[in-house]
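# Structural overview for review
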Amino acid sequence: MTNQQNVAVLDVKSRGLRSLLPPSSLPAAKSFSPTDLKMLLKKRFETEKGGAKINAWVDSMRASSPTRVRSTDSTDDKSSWIVQHPSALSMFEQIMAASKGKRIVMFLDYDGTLSPIVEDPDRAFMSGEMRAAVRDVARYFPTAIVTGRCRDKVYSFVKLSGLYYAGSHGMDIRGPSKCCKYKKGNNNGVLFQPASEFLPMIDEVYKALVEKTRSIGGAKVENNKFCVSVHFRCVDEKSWAALAEQVRSVLNQYPKLKLTQGRKVLEIRPTIKWDKGRALEFLLEALGYANSDDVLPIYIGDDRTDEDAFKVLRDRGQGFGILVSKEPKETNASYSLQEPSEVKEFLRRLVDWKKYSQGGAAP
Ligand SMILES: O=P(O)(O)OC[C@H]1O[C@H](O[C@H]2O[C@H](CO)[C@@H](O)[C@H](O)[C@H]2O)[C@H](O)[C@@H](O)[C@@H]1O
């Protein structure tokens, strides 16, 4: 090909590529080679893809968690939802009947389940009455707190020994001093930490997120040890896209981390296949109930991340998930409770039932 022919081919290619780019996206008064145009196209495609992703993030940030059932007639929806997910208090006798001959094991989420949702995550305290109810339940039934929080942090709220604690969405499991088959040697009670190799990365990401979100009023980054939470409960909705963009810019640097969402919170965690559902299975196995029909696990939680545990129970056809929610929501739970005060009531009834109906002495 002659030089002239080469230039002609390039010109045709350039015109073809140029037509894919709106004039506004091209820097002014410059001629572009096909390579330049390809790079500009790639950049534009990535920007558009990124923009679409941010819009999707913001949409799902708007939705509460777990996703609310869409409604045209909210009264009808609410009553049909409550038929499908009746109150665990009104169904208490039936739940207890299902436990006949089985060992109840209790799994309790923390935020929104044992403590009411508050603006400042550092002040999500549990009431003394709730603590007493959990302590009493744990005297009669193996009990685990399963939370997205850092394990030490949740312990500082619950302050009860004698329980299992699964922090960082189940990626940090510790047992009570007297516990199960996994407890060997001097591991300080730690039973399982499937994401320990991610510790330095999570620390790095936490620092980057603190830096990147500094200018966004109300944003709060929380280091949950094996995962990080970026709270937007106190961020003006107008700044949600900016916040999502900052989080995305950090997350893009870490392909081994993924994003999930909770109640007004973006959660960054390792891509490993581990969640609250897997933690529940691990704990049942640790307690000796891996393949047993003699167990009735009850999991109470309010958030999207608790759905993994509800699903495990549904798939096993064993035990019950109880969703804490005032609103109809898509869920794999079988029953519902409206708020933490009803959770407390349920726990108290469980203890009374064990004490009086069954004549159960505390172990
Ligand atoms: O699994 P959980 O125990 O439910 O933990 C999930 C997240 O809970 C906390 O955030 C939530 O509660 C805060 C205090 O009420 C509230 O301000 C926030 O909007 C909620 O998302 C916790 O701070 C997060 O780190 C957990 O991931």
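Below you will find a few notes about this structure. (Residues numbered from 1 in each chain as written. Predicted model: local features only at pLDDT ≥ 70, side-chain atom pairs only at ≥ 80, totals over all residues. Heavy atoms only, no water.)

## Regarding the pattern of salt bridges
Pairing is possible between side chains that carry opposite charge, provided their charged atoms lie close to one another. What counts is decided by this rule: Between Lys or Arg on one side and Asp or Glu on the other, a salt bridge is scored when a side-chain nitrogen of the former is within 4 Å of a carboxyl oxygen of the latter. Every helix listed is a DSSP run of H or I at least four residues long, and every strand listed is a run of E at least two residues long, numbered separately from the N terminus. Each residue is assigned to one of three classes by its accessible area relative to the maximum for its type, calculated with a 1.4 Å probe on protein chains only: buried under 20%, partly exposed between the two thresholds, exposed over 50%.
What the rule picks out here adds up to 20 salt bridges. In this structure, Arg-149 engages Asp-111 in a salt bridge whose closest nitrogen and oxygen atoms are separated by 2.7 Å. On the criterion of sequence distance, the pair formed by Arg-149 in the loop between strand 2 (143-146) and helix 6 (151-158) and Asp-111 in the loop between strand 1 (103-108) and helix 5 (128-140) is long-range, its members being 38 residues apart. With a shortest N-O distance of 2.9 Å, Arg-214 and Glu-211 are connected by a salt bridge. Since its relative accessible area comes to 57%, Arg-214 is described here as exposed. In this structure, a network of salt bridges that share partners links the residues Arg-151, Asp-152, Asp-172 and Lys-225.

## Looking at the site of the ligand
Which entries qualify depends on this criterion: Proximity is defined per residue: any heavy atom of the residue falling within 4 Å of a molecule or strand makes that residue near it. We call two N or O atoms a polar contact when they sit within 3.5 Å, provided that within protein one can donate a hydrogen and the other can accept it, with sequence-adjacent residues counted only if both atoms are side-chain atoms. Note on areas: Shrake-Rupley with a 1.4 Å probe; residue coverage comes only from the protein chains shown.
The environment of the ligand is made up of 21 residues, and the closest members are Val-118, Glu-222, Arg-233, Arg-263 and Glu-267. Between an oxygen atom of the ligand and a side-chain N or O atom of Asp-111, the distance comes to 3.0 Å. Relative to its unbound accessible surface of 570 Å², the ligand loses 99% to contact with the protein. When contributions to the shell around the ligand are tallied by element, the ones reaching two or more residues are strand 7 (228-231) and strand 9 (265-270).

## Observations concerning unusual backbone geometry
With the exception of glycine, the majority of residues adopt a negative phi angle, and the majority of peptide bonds are in the trans configuration. Of note in this structure, Lys-225 is not a glycine but carries a positive phi near 75°. Since its relative accessible area comes to 28%, Lys-225 is described here as partly exposed. Phi is positive for Lys-264, close to 50°, though the residue is something other than glycine. Position of Lys-264 among the secondary structure elements: in the loop between strand 8 (257-262) and strand 9. Lys-264 gets classed as partly exposed once you look at its relative accessible area, which sits at 29%.

## A short note on the sheet that holds strand 10 (residues 295-301)
As a reminder of what qualifies: Criterion used throughout: strands pair if DSSP finds at least two bridges between them. Axis definition: a line fitted to C-alpha atoms, limited for helices to the stretch in contact. Angles are taken between N-to-C directions and run from 0 to 180 degrees. It only takes one pair of heavy atoms within 4.5 Å for two residues to be counted as in contact.
Strand order in this open sheet of 8 strands is 5-4-3-2-1-10-11-12, and the pairing throughout is mixed. Among the strands making up the open sheet, the edge pair consists of strand 5 (190-192) and strand 12 (335-337). The sheet shows a mean angle of 25° between the axes of neighbouring strands, direction not considered. Across the sheet, helix 11 (residues 340-357) lies against strand 1, strand 10, strand 11 (320-324) and strand 12, angled at about 160° from strand 1, the strand it touches most.

## Some thoughts on the side chain of Thr-113
Mapped onto the fold, Thr-113 is located in the loop between strand 1 and helix 5. On the basis of relative accessible area, Thr-113 is assigned to the buried category, the value being 0%. Separated by 3.4 Å, the side chain of Thr-113 and the backbone nitrogen of Asp-302 make a polar contact. Setting aside anything within four residues of it in sequence, one finds Thr-113 in contact with Met-130, Ile-300, Gly-301, Asp-302, Val-324, Pro-340 and Val-343.

## Some words on the pairing of strand 1
Every regular strand shows the same layout, with side chains that alternate between the two sheet faces. Here is the rule we go by: Here the term right-handed applies to a crossover when the path leading from its first strand over the helix to its second strand runs clockwise, the strands being oriented away from the viewer.
The element strand 1 is extensively covered by neighbouring structure, given that 5 of its 6 residues are classed as buried. Relative to strand 10, strand 1 is paired through 6 bridges, and the arrangement is parallel. Looking at strand 10, one finds that Ile-104 is bridged to Leu-296. Across 3 bridges, the pairing between strand 1 and strand 2 is parallel. In the sheet register, Phe-107 faces strand 2, and the bridge partner there is Ala-144. With helix 5 bridging strand 1 and the parallel strand 2, this β-α-β connection has right-handed handedness.

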